[in-house]
Amino acid sequence: MKRAHPRPARRKVAKRPVRSADTRTGTPSAVLRASATRIEDTEAFATLRSLAHGKTLAVPESLLVKHILQLTRQADWPVQRAAMEALLRRCASVKDDELRIATRPRGGVVLGLYTTRRARGTARPYTTLLDSIDPIRGSCDCPDFLRSSLALCKHLLAVIDSLAARPKRFAGLMVMSAARPAANSLRLIWDPVRPLTGEGDWLARVRLIGRDRNRSGAPAPPARLARWFRSEGASTFVLADPHAGQPEERAALVAELLPSLDRPSAATRGGLTLHDPALRALLRAERERLAHVTADRNVGGELKRRLRTLRRKLYPYQHEGVQRFLATGRLLLADDMGLGKTAQAIAACHALWHAGRVRRGLIIAPASLKSQWLREWRLFTDAPVEIVEGGQEQRREFYDARRAGFLIANYEQVLRDLETMNAWAPEIVVLDEAQRIKNWATRTAACVKRLRPHYRLVLTGTPMENRLEELASIFEWVDDHALEPKWRLAPLHSVYGDGSKEASGARNLDTLRTRLAPCMLRRLRRDVLKQLPPRTDTVVPVELTEEQREAHDDLSQPIARLAATAQRRPLTQPEFLRLMSLLATQRMIANGMAQTQFTQMWPRIARVTRPDAALLRSLCSPKLLELREIVDQVAVQQERKVVVFSQWRRMLTLAHWVTRPLLADHGLRAVFFTGEERLNHRTRNLVGFHDDPMTRILFATDAGGVGLNLQRAASCCVNLELPWNPAVLEQRVGRIHRLGQPLPIEVYNLVSQDCIESRIASLVSDKRALFQGLFDGGSDEIRFERSGSFLSTIERIVEASPAPDPQEANESAADAPEASEREIEAVVSAADESGDVLRGPVIPADRVPSAAPTGEVLPAAEIRRLFTQLEISQTEQGRLRIEASPDAAASLVALFEGLAGLLRVKSTEG
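Residue numbers run consecutively from 1 along every chain, following the written order of its sequence. Selection of residues for local features in this predicted model requires a pLDDT of at least 70, selection of side-chain atom pairs for listing and counting requires 80 or more, and totals for whole chains, interfaces and linings are taken over all residues. Side-chain calculation: all heavy atoms of the structure are included, whereas hydrogens and water are not.

(A) Representation of the overall build of the protein within the structure. A helix here means a DSSP run of H or I that spans at least four residues, while a strand means a run of E at least two residues long, and both kinds are numbered starting from the N terminus. The helix and strand tally for the protein stands at 36 helices and 28 strands. The rule is simple: take the accessible area with a 1.4 Å probe, protein chains only, and divide by the maximum for that residue type; under 20% is buried, over 50% is exposed, in between is partly exposed. The buried share of the protein, reckoned over its 910 residues, is 53%. Taking the contacts inside the protein whose residues are at least 6 apart along the sequence as the reference set, 72% of them involve residues at least 24 apart. Accessible surface is estimated by sampling points in the Shrake-Rupley manner with a 1.4 Å probe; for residues, cover comes only from the protein chains shown. Surface accessibility of the protein: about 41000 Å² in total, with carbon and sulfur atoms responsible for 51%. Residues count as neighbours in contact if any of their non-hydrogen atoms are within 4.5 Å of one another.

Here it is as structure tokens:
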């Protein structure tokens, strides 16, 4: 049995004499020393020291713990713990990278400027300043120091670790550092710790400290800086105004500050010391950014004039969106679905192209939307555009041959063509459906973020669901400082229950909105309601039949056993896939026994061209009866067109069978639009649905519905079941509820009651809570009914009952009758539609749409079906070639990325 490591004993630290003032904050050292002593007596100190034991290299644990508690003194425990964990990760990085000191301060002194290198490498391109050891104070111009709000980085830690390798000498250095008098000359410094709330503008944290005095003996800044600073205390000056929203004034301020920090020298000039590597790096980057912003403002009138030459007129709110982007050059446009984000992006590209601000632009969109982008582009602008296609070598030649214009590529091409794209040097990049980069860990996100254009426009109606990290990942490419530091995001903005690591709500949303506001714009449909038709959402409750109830509840116990196992340990892959299969089967049962027992029922009912009420009732599928009523009222009596969505092709086939005679009686028909039809068949169905007044119903899966614009055809949407993901639900509705829709729309959601489906409806509402609270609300805090982790999600959709005792669960599993287990397996197998196509044309191929990836967890049956679509052959050279259809390939890519993410989560939890 592994023994827990004992908590290190608390070490008594004597108060040291007061000799100086803290050179960063101006706080008397007596206050810091008294505070440090109190810190060591806290439970937080003892707990963090135990957490850090053996992980701080040669640096004393207490020194780093005190540092963390000082910089998080205004925060609560979740933030303090997260800060310690973030610092320990950097300690590990020092060890993993084998960082060494490359150069030291001259004259054998300890405090001063350093550079570091890897064990077998040359000096790294960063300058590191060690200003004090106890308390730790320094600076570095590496990106991590600039953004982490830890006032430490691995380079600074490597310097301290090298000094701490000689403990006796290091102890003396700590005493000497604490007693070192402050410099008499004034000094520009930057506080790297971002405030917990408010805008958090980095420039507002610049300080001028020291003891220089004017002729009257009072502390005073140099004359050239006097108009920018105001006094705060005996020897500290702060910026009177960082001019965050005034580019010209801010640029003038940066121009005054930079000369004092242009060279990494410890000498003085004009009363100012010349070294703070971090501040120097920030000022240089800000000077470059402001130069671009000022240049764009100077041609602002020209850009507005160019917008008037668009082929189609923009709505006022769309004009506002384009102007916001042109003013900053960086924007996350998160307008609600259907408000014309594509049109605004094209308008911005049009203005920049015709004003001569850009010569090359890149549009990155899902592959299925590239042709739609081309159509929309040509409707709005005459700027040159082409779609990137062909093999990798053809694409490289394609880029080489085009020195100007706009290109439309897809995300998969970014993975393969990143170097070619960077060499082509686009000046503007537009990311459509940018939720593709919401996960930091994916290769897609990493590659996209290596594109470095000046103009960056990100389009997504769903920048996040439950996790703030998703939003931060997307926003990092737009403004890499807005939501920094990453380690603090979740603990600072999450509410935790007693003793729980899972978030039960969100807080400090006002701060998030404030920091997002400069580079993010979101408008809701209600904000532009006069330009949009009204929408009515109706939940149609459906009662389960007794047969459905029995089949549904029979699966609850094996699901509960797996959920109980997941509470004790990570599920194995077979267990995880079985859990997903059981949950998917319950969802299918909620749709109806006709779907679950499709292979047995369909041969018997397929030949019945006009099913009567008795036959329909015998199918134990009440949703089909509800659907027929809706189709009769809307499609037949009101003569409106309807889009019917389902995740499963069997359900759509049954829906078509039920409604076909009703439509046929009036000379009407239905068509399919899914991932199964060939392109020409899909196009024919789409044209018919738009142009043929007798084609009233479009049966669609989520795969077929992506990127589909039906606002000029349909005014009603029916969801045969609710997807897990609220974004998928809104994506369905958004096919008909968008600009150009001239009619009021209706949305009908069929929800089976008192089963997994009604609990999913509650789950979908909770998933919307954080998204709406942050982007669409005004309160600073929200509460979730339950947390959003995977395990909590399973608990919510499993019927509420006491969790079985682990031993009893194992015993009950072992004692379960073999016949009962066989019955459960039979139900799951019957619900498996993965082999429908392989077993032959039970259903005509042109009428059987297939369910394709929707962003949800795929059931095991779907996974097996995907693998059956692979074609494997051997080349003459002995290599294996694996080929798949575009839909199957996209599904498998999503599956593997999802499994990789799951493994990362499980390894982190372990």
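(B) Examining the sheet that holds strand 2 (residues 112-118) more closely. Across the sheet, which stays open at both edges, the four strands sit in the order 1-2-3-4 with antiparallel pairing between neighbours. Whereas interior strands pair on both sides, the edge strands pair on one side only; in this sheet they are strand 1 (99-103) and strand 4 (137-140). Strand-to-strand twist of the sheet, defined as the mean angle between neighbouring strand axes without regard to direction, takes the value 35 degrees. At least two bridges found by DSSP between two strands are what make those strands a pair. Note: strand 2 against strand 3 (residues 128-132), three bridges, orientation antiparallel. Bridge pairing in strand 3 links Gly-112 to Leu-130. For helices, the fitted axis covers only the stretch in contact; all axes are lines through C-alpha atoms, and the angles between them, taken along N-to-C directions, range from 0 to 180 degrees. Strands strand 2, strand 3 and strand 4 of the sheet are contacted by helix 9 (residues 277-298), whose axis makes an angle of about 35 degrees with strand 4.

(C) Expanded view of the nonpolar core. The nonpolar core is taken to be a set of buried Ala, Val, Leu, Ile, Met, Phe, Trp, Tyr and Cys residues, with the residues joined through side-chain atoms within 4.5 Å. One finds Leu-64, Met-84, Leu-130, Ile-133, Trp-190, Phe-229 and Leu-283 to be the most contacted residues of the largest nonpolar core, which totals 74 residues. Residues in contact with Leu-130, not counting those within four places in the same chain, are Val-110, Leu-111, Gly-112, Tyr-114, Arg-137, Gly-138, Leu-156, Val-159, Ile-160 and Leu-163.

(D) Seen up close, the packing of aromatic side chains. In summary, the pairing rule links any two rings of Phe, Tyr or Trp, Trp by its six-membered ring, whose centres are within 6.5 Å, and it sorts them by plane angle into stacked for under 30 degrees, edge-to-face for over 60 and tilted for everything else. The full count for this structure, using the stated rule, is nine aromatic pairs. Between Phe-598 and Trp-602 the ring centres are 5.4 Å apart and the planes differ by 10 degrees, which places this aromatic pair in the stacked class. Note that Phe-598 and Trp-602 are positioned in helix 24 (residues 598-605) at a spacing of four residues, about one turn of the helix. Taking the relative accessible area as the measure of exposure, Phe-598 reaches 2% and is therefore buried.

(E) Here's a closer look at unusual backbone geometry. Of note, the bond from Asp-134 into Pro-135 is cis; its omega dihedral lies within 30 degrees of zero at 5 degrees. By the element assignment, Pro-135 lies in the loop between strand 3 and strand 4. A cis amide bond, omega -5 degrees, links Glu-484 with the succeeding residue Pro-485. As for its placement among the helices and strands, Pro-485 is situated in the loop between helix 17 (468-478) and helix 18 (486-493). Not every positive phi belongs to a glycine, and Ser-149 is a case in point at roughly 55 degrees. The residue Ser-149 is located in the loop between helix 5 (143-148) and helix 6 (154-164) in this model. By relative accessible area, which is 2% here, Ser-149 ends up buried. The residue Ala-425 is not glycine, and still its phi comes out positive at about 60 degrees. As for its position among the elements, Ala-425 is in the loop between helix 15 (411-424) and strand 15 (428-431).

(F) Up close: helix 14 (residues 392-400). The set of residues buried in helix 14 consists of Arg-395, Phe-398 and Tyr-399. Looking straight down helix 14, one finds that the buried residues subtend no more than 95 degrees of arc, so they occupy a single side. The arc in question is formed by the directions pointing from the helix axis toward the C-beta atoms.

(G) Molecular detail of the sheet that holds strand 7 (residues 229-231). Read from one edge of the open sheet, four strands run 5-6-8-7, paired in antiparallel fashion. If you trace the sheet from one side to the other, it starts and ends with strand 5 (187-190) and strand 7, each paired once. In this sheet, adjacent strand axes meet at a mean angle of 35 degrees when their direction is disregarded. Relative to strand 8 (residues 236-239), strand 6 (residues 206-209) runs antiparallel, the two sharing three bridges. If you follow Arg-207 over to strand 8, its bridge partner there is Val-238.

(H) Broad picture of the pairing of strand 5. Going residue by residue along strand 5, you find Arg-187 and Ile-189 tucked away on one face and Leu-188 and Trp-190 tucked away on the opposite face as well. With four bridges connecting them, strand 5 and strand 6 associate as antiparallel partners. Across the sheet, residue Arg-187 finds its bridge partner in strand 6, namely Ile-209.

(I) Quick peek at the packing of helix 24 against helix 27 (residues 649-664). Contact pair helix 24 / helix 27: the axes reach a minimum separation of 12 Å and the direction vectors enclose 25 degrees. The orientation of helix 24 with respect to helix 27, classified from their angle, is roughly parallel. Crossing of helix 24 over helix 27 shows left-handed handedness. In contact with Phe-598, Thr-599, Trp-602 and Ile-605 of helix 24, helix 27 contributes Arg-650, Thr-653, Leu-654 and Trp-657. Gly is put with the polar residues, along with every residue not named as nonpolar or charged; the nonpolar set is Ala, Val, Leu, Ile, Met, Phe, Trp, Tyr, Cys and Pro, and the charged set is Asp, Glu, Lys and Arg. Class assignment for the residues of the contact of helix 24 with helix 27 results in five nonpolar, two polar and one charged. An angle counts as roughly parallel when it lies under 35 degrees, as roughly antiparallel when it exceeds 145, as roughly perpendicular when it falls between 65 and 115, and as oblique in every other case. For any pair of crossing helices, the crossing counts as left-handed if the nearer helix is rotated counterclockwise from the farther one by less than a right angle, and right-handed if it is rotated clockwise.

(J) View of the layout of surface pockets. The definitions used throughout rest on a 1 Å grid laid over the protein atoms alone, on which a cavity is an enclosed set of points accommodating a 1.4 Å probe that cannot get out and a pocket is an open set flanked by protein within 12 Å on both sides along at least five of seven lines; lining residues are those having an atom within 4 Å of a point. Grid points are joined across faces, edges and corners, and a volume is the space filled by probe spheres set on the points. A volume near 1700 Å³ is recorded for the second largest pocket. If you go around the second largest pocket, you meet 49 residues; those closest to its centre are Glu-286, Arg-289, Asp-479, Asp-480 and His-481. Put simply, the parts of the chain that give the lining of the second largest pocket at least two residues each are helix 5, helix 8 (247-257), helix 9, helix 11 (316-328), helix 17 and helix 19 (509-516). With 11 residues, the top contributor of residues to the lining of the second largest pocket is helix 9.

(K) Quick look at the confidence of the model for the protein. In this model, the protein carries an average pLDDT of 80, and 74% of its residues clear a pLDDT of 70 or more. Looking at any residue, its pLDDT shows the predictor's confidence there, from 0 to 100. Contacts for the low-pLDDT stretch residues 1-36, under 50 throughout, to residues beyond four places or in other chains number 66 contacts. Below a pLDDT of 50 lies the segment residues 837-858, which in the model reaches 56 contacts outside its immediate sequence neighbourhood of four places, other chains included.

(L) Geometry of the environment of Arg-287. With respect to the helices and strands, the residue Arg-287 is situated in helix 9. Distance from Arg-287 to Leu-258, taken between C-alpha atoms, is 9.1 Å for residues 29 residues apart in sequence. Leave out the neighbours within four places in its chain, and Arg-287 touches Val-254 and Leu-258.

(M) Representation of helix 2 (residues 43-52) in the model. Most of helix 2 sits out of view: seven of its 10 residues are buried. Looking at the residues trailing helix 2, positive phi occurs at Gly-54, about 80 degrees.

(N) Examining the packing of helix 8 against helix 9 more closely. At a minimum axis separation of 9 Å, helix 8 and helix 9 run at an interaxial angle of 150 degrees. Here helix 8 lies roughly antiparallel to helix 9, going by the angle between them. Here helix 8 runs over helix 9; the crossing is left-handed. Listed contacts from helix 9 to Pro-247, Glu-248, Arg-250, Ala-251, Val-254 and Leu-257 of helix 8 are Leu-283, Glu-286, Arg-287, Arg-289, Leu-290, Val-293, Thr-294 and Arg-297. For the contact of helix 8 with helix 9, a count of residues per class yields seven nonpolar, one polar and six charged.

(O) Here's a closer look at the side chain of Arg-738. Within the element layout of this structure, Arg-738 appears in the loop between helix 30 (726-734) and strand 25 (745-752). Within the local environment of Arg-738, its side chain forms a polar contact with the backbone oxygen of Gly-734, the two atoms lying 2.7 Å apart. N or O atoms closer than or at 3.5 Å make up a polar contact, with two conditions inside protein: a donor-capable atom paired with an acceptor-capable one, and, for residues adjacent in sequence, both atoms drawn from side chains.

(P) Spotlight on the state of the cysteines. Note on terminology: disulfide denotes any pair of cysteine sulfur atoms within 2.5 Å. Inspection of the entire model under this criterion finds zero disulfides. Left without a disulfide partner, Cys-153 is nearest to the cysteine sulfur of Cys-142, which lies 3.7 Å away.

(Q) Structural view of a negative patch on the surface. Among the surface-exposed residues, Glu-546, Glu-547, Glu-550 and Asp-554 lie close enough to one another that they form a single negatively charged patch. Summarising the element assignment, Glu-550 is placed in helix 20 (residues 546-554). Exposure above 30% relative accessible area and the lack of any salt bridge qualify a residue for a patch; like charges then connect within 9 Å, and the nonpolar side chains Val, Leu, Ile, Met, Phe, Trp and Tyr within 5 Å. Put simply, a salt bridge is a Lys or Arg side-chain nitrogen that is within 4 Å of an Asp or Glu carboxyl oxygen. In this tally, Lys and Arg are treated as positive and Asp and Glu as negative; His is ignored, and so are the chain termini. We put the charge of a Lys on NZ, of an Arg on CZ, of an Asp on CG and of a Glu on CD.

(R) Representation of the pattern of salt bridges. Tallied over the full model, the rule gives 36 salt bridges. For Asp-76, the salt bridge identified is with Arg-507, shortest N-O distance 2.8 Å. Taken together, the residues span a long stretch of sequence, with Asp-76 in the loop between helix 3 (61-71) and helix 4 (77-97) and Arg-507 in the loop between strand 18 (503-506) and helix 19 at a distance of 431 residues. Residue Asp-76 is classed as partly exposed on the basis of its relative accessible area of 30%. Relative accessible area serves as the criterion here: at 16%, Arg-507 is assigned to the buried category. Put simply, Asp-201, Arg-250, Glu-286 and Arg-289 are held in one network by salt bridges that share partners.

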